[in-house]
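# Examining the three-dimensional arrangement
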Amino acid sequence: MSLREIVLWPDDRLSQMCTPVGEITEDVRGLAQDMLDTMYAAPGRGLAAPQVGVLARLFVMDPSWKEGTPAPVVCINPNLVWHSDATVVSSEGCLSLPGVTADVPRAETVRMVWTDLDGVVQEAELTGFAALCAQHEIDHLDGLMTLDRLADADRDRLLAAYEAAR
Ligand code: ZN
């Protein structure tokens, strides 16, 4: 088990567009395993590569492990190919913004295509917390934080609370 340091806002690496993962090498497998270990230890339900300082399009998630059996998912080069018009607003935490949450509107249901660690392309329809989690993590791969999805006044309020909590 190998834990990696979680990058905290306002580190520049959280604002970068990440580059696609090419061949799935031992380095990529090691990164994914370290990210899962780091996510479970945090404890969190999702973690994107830039949050451990690697600017690659890869995230890990396990939306409901706190309620049941762990079911880790490693998503390489994920894309949302469809989303519902229906949205939901929920209070989202982020391991890179500890101590605060943001009310972010997200699509209620999404269809995601990604490559798994065996190089197999997967597709799934996600709803509920898994859908929110996937959208949150893909945002990280595009250099977007929850606070980037807020109106200016809400963003200022969240950052003030974050600074106060540090
Ligand atoms: Zn996050």
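Shown above is the structure to which this text applies.
Residues numbered from 1 in each chain as written. Predicted model: local features only at pLDDT ≥ 70, side-chain atom pairs only at ≥ 80, totals over all residues. Heavy atoms only, no water.

Turning our eyes to something else, we now look at the layout of surface pockets. In this structure, the largest pocket spans a volume of roughly 310 Å³. Taken together, 17 residues line the largest pocket, and the ones lying closest to its centre are Arg45, Glu92, Gly93, Cys94 and Phe129. At the level of elements, strand 4 (87–92) and helix 2 (129–141) are the ones that each hand at least two residues to the lining of the largest pocket. Counting residues per element, the lining of the largest pocket draws most heavily on helix 2, which supplies five residues. Among the residues making up the lining of the largest pocket, the classes are represented as six nonpolar, seven polar and four charged. (1 Å grid on protein atoms, 1.4 Å probe; cavity = no way out; pocket = protein on both sides within 12 Å on 5 of 7 lines; lining within 4 Å. Points joined across faces, edges and corners; volume = space filled by probe spheres on them. Helix = DSSP H or I, 4+ residues; strand = E, 2+ residues; numbered from the N terminus. Nonpolar A, V, L, I, M, F, W, Y, C, P; charged D, E, K, R; others polar.)

With that out of the way, let us pick up the pattern of salt bridges. This structure, assessed with the given rule, holds 13 salt bridges. A salt bridge links Arg4 to Asp34, with the shortest nitrogen-to-oxygen separation between them at 2.8 Å. One end of the pair, Arg4, is in the segment before helix 1 (26–41); the other, Asp34, is in helix 1, and 30 residues separate them in sequence. Residue class for Arg4 comes out partly exposed when judged on its relative accessible area of 30%. With a shortest N-O distance of 2.8 Å, Arg106 and Glu92 are connected by a salt bridge. On the criterion of sequence distance, the pair formed by Arg106 in strand 5 (residues 102–107) and Glu92 in strand 4 is long-range, its members being 14 residues apart. By relative accessible area, which is 4% here, Arg106 ends up buried. Among the ionic contacts, a cluster of salt bridges with common partners joins Glu92, Arg106, Asp139 and Arg149. (Salt bridge = Lys/Arg side-chain N within 4 Å of Asp/Glu carboxyl O. Buried < 20%, exposed > 50% of the residue type's maximum accessible area, 1.4 Å probe, protein only.)

Note on the zinc ion: its protein donors are Cys94 (SG), His136 (NE2) and His140 (NE2). The metal-donor distances range over 2.0 to 2.3 Å. Here the donor residues of the zinc ion are spaced in sequence according to C-x41-H-x3-H. Taken together, the residues His136 and His140, both in helix 2 and four residues apart, mark about one turn of the helix. (Donors = N, O, S within 2.8 Å, 3.2 Å for Na, K, Ca; no water.)

Next up on the list: the sheet that holds strand 2 (residues 58–61). The five strands lie next to each other as 1-2-3-6-7, forming an open sheet whose pairing is antiparallel. Of all the strands in the sheet, just strand 1 (46–48) and strand 7 (121–127) have a single pairing partner and so form its edges. Within this sheet the neighbouring strands show an average axis-to-axis angle of 40°, counted without direction. Packed on one face of the sheet, helix 1 meets strand 1, strand 2 and strand 3 (73–83) and runs near 40° to strand 2. Contacts from helix 2 reach strand 1, strand 2, strand 3, strand 6 (109–115) and strand 7, with the element oriented near 155° to strand 2. (Pairing = 2+ DSSP bridges. Axes fitted to C-alpha atoms, helices over the stretch in contact; angles between N-to-C directions. Contact = heavy atoms within 4.5 Å.)

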